Amino acid sequence: MTVQITQATDMDCQDVVSFLATALPESWRQPELPDRAQIQRVLSHNASILMIARQEDTVVGLALGWCFPNAVAQGDTVMLDELLVDPGCRGIGIGTELVKAFTKTARQLGKAPIEVWATTDFPDEPAATPFARTGGQQGELLRQFDWPKEACA
């Protein structure tokens, strides 16, 4: 089956919502699933890049990230934040094609020099394969910090 990779538009919002309702891993789920308004909000942000993979009329994957100015490096930084492929469609290159399309789009939208990076929780997590296949190199271990609401008050 042919998979088509495109940059998401407002017309794709409900299809992305439907995809997330079925494919979102339990560990990523929040109390409420994203709705159409949230996906529209993502798309309306001028820094967002949302690529989707479709098999026939069904969304089977997405790559979402952000392109923003970097004050020190003089160009832009691009972060691939979310890469998700339907579990039933993994292993056939959809993630790799999404990463390729995401990085190509980021380089077209951003201001050079562009630094592209992504994170994944484990070296053997599914996202690690497309990252490596598209030329990504494993960096030093990132340590995550989270700020609870009380700390930001």
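Our subject is the structure listed above.
Below, the structure is looked at part by part.

Thresholds applied
Residues numbered from 1 in each chain as written. Predicted model: local features only at pLDDT ≥ 70, side-chain atom pairs only at ≥ 80, totals over all residues. Heavy atoms only, no water. Salt bridge = Lys/Arg side-chain N within 4 Å of Asp/Glu carboxyl O. Helix = DSSP H or I, 4+ residues; strand = E, 2+ residues; numbered from the N terminus. Buried < 20%, exposed > 50% of the residue type's maximum accessible area, 1.4 Å probe, protein only. Polar contact = N/O pair within 3.5 Å; in protein donor to acceptor, adjacent residues only side chain to side chain. Axes fitted to C-alpha atoms, helices over the stretch in contact; angles between N-to-C directions. Left-handed = near helix turned anticlockwise from the far one by under 90°. Contact = heavy atoms within 4.5 Å. Pairing = 2+ DSSP bridges.

For the rest of this paragraph, the subject is the pattern of salt bridges. Summed over all chains, the structure comprises 5 salt bridges. Across the salt bridge formed by Arg36 and Asp10, the nearest N and O atoms sit 3.9 Å from each other. Taken together, the positions of Arg36 in helix H2 (residues 36-44) and Asp10 in the loop between strand S1 (3-7) and helix H1 (13-23) put the pair 26 residues apart, joining distant regions of the chain. Given a relative accessible area of 42%, Asp10 falls into the partly exposed group. We note a salt bridge from Arg54 to Asp12, for which the minimum N-O separation is 2.9 Å. With Arg54 in strand S2 (residues 48-55) and Asp12 in the loop between S1 and H1, the pair connects residues that are 42 residues apart, well separated along the chain. Under the relative-accessibility criterion, Asp12 is labelled buried at 10%. Taken together, the salt bridges that share partners define one network made up of Asp12, Asp15 and Arg54.

What follows is about unusual backbone geometry. Between Ala112 and the following residue, Pro113, the backbone shows a cis peptide bond with an omega angle of -5°. Positive phi, close to 55°, is recorded for Glu56, a residue that is not glycine. Examined against the element boundaries, Glu56 turns out to sit in the loop between S2 and strand S3 (58-69). Residue classification places Glu56 among the exposed residues on the basis of a relative accessible area of 61%.

By relative accessible area, which is 13% here, Arg54 ends up buried. Within the structure, Arg54 has its side chain in polar contact with the side chain of Asp12 (distance 2.9 Å). For Arg54, the side chain forms a polar contact with the side chain of Asp15, separated by 2.6 Å.

Their axes nearest at 9 Å, the elements H1 and H2 cross at an angle of 120°. The crossing of H1 and H2 is right-handed. Facing H1, whose interface residues are Cys13, Gln14, Val16, Val17 and Leu20, H2 presents Arg36, Ile39, Gln40 and Leu43.

Another aspect to go through is the environment of Ala132. Among the structural elements, Ala132 can be located in helix H4 (residues 128-133). Its relative accessible area of 51% is what places Ala132 among the exposed residues.

Time to look at the pairing of S2. For S2, a buried count of 8 out of 8 residues is recorded, marking the element as mostly surrounded by other parts of the structure. Burial along S2 is two-sided: Ser48, Leu50, Ile52 and Arg54 and Ile49, Met51, Ala53 and Gln55, pointing in opposite directions, are all buried. Sheet topology note: the S1/S2 ladder contains 5 bridges and is antiparallel. Bridge pairing links Gln4 to Arg54 in S2. With 8 bridges joining them, S2 and S3 adopt antiparallel strand pairing. The partner of Ile49 across the bridge, within S3, is Gly65. Here S2 folds back onto S3 in antiparallel fashion, the turn holding 2 residues, of which Glu56 has a positive phi close to 55°.

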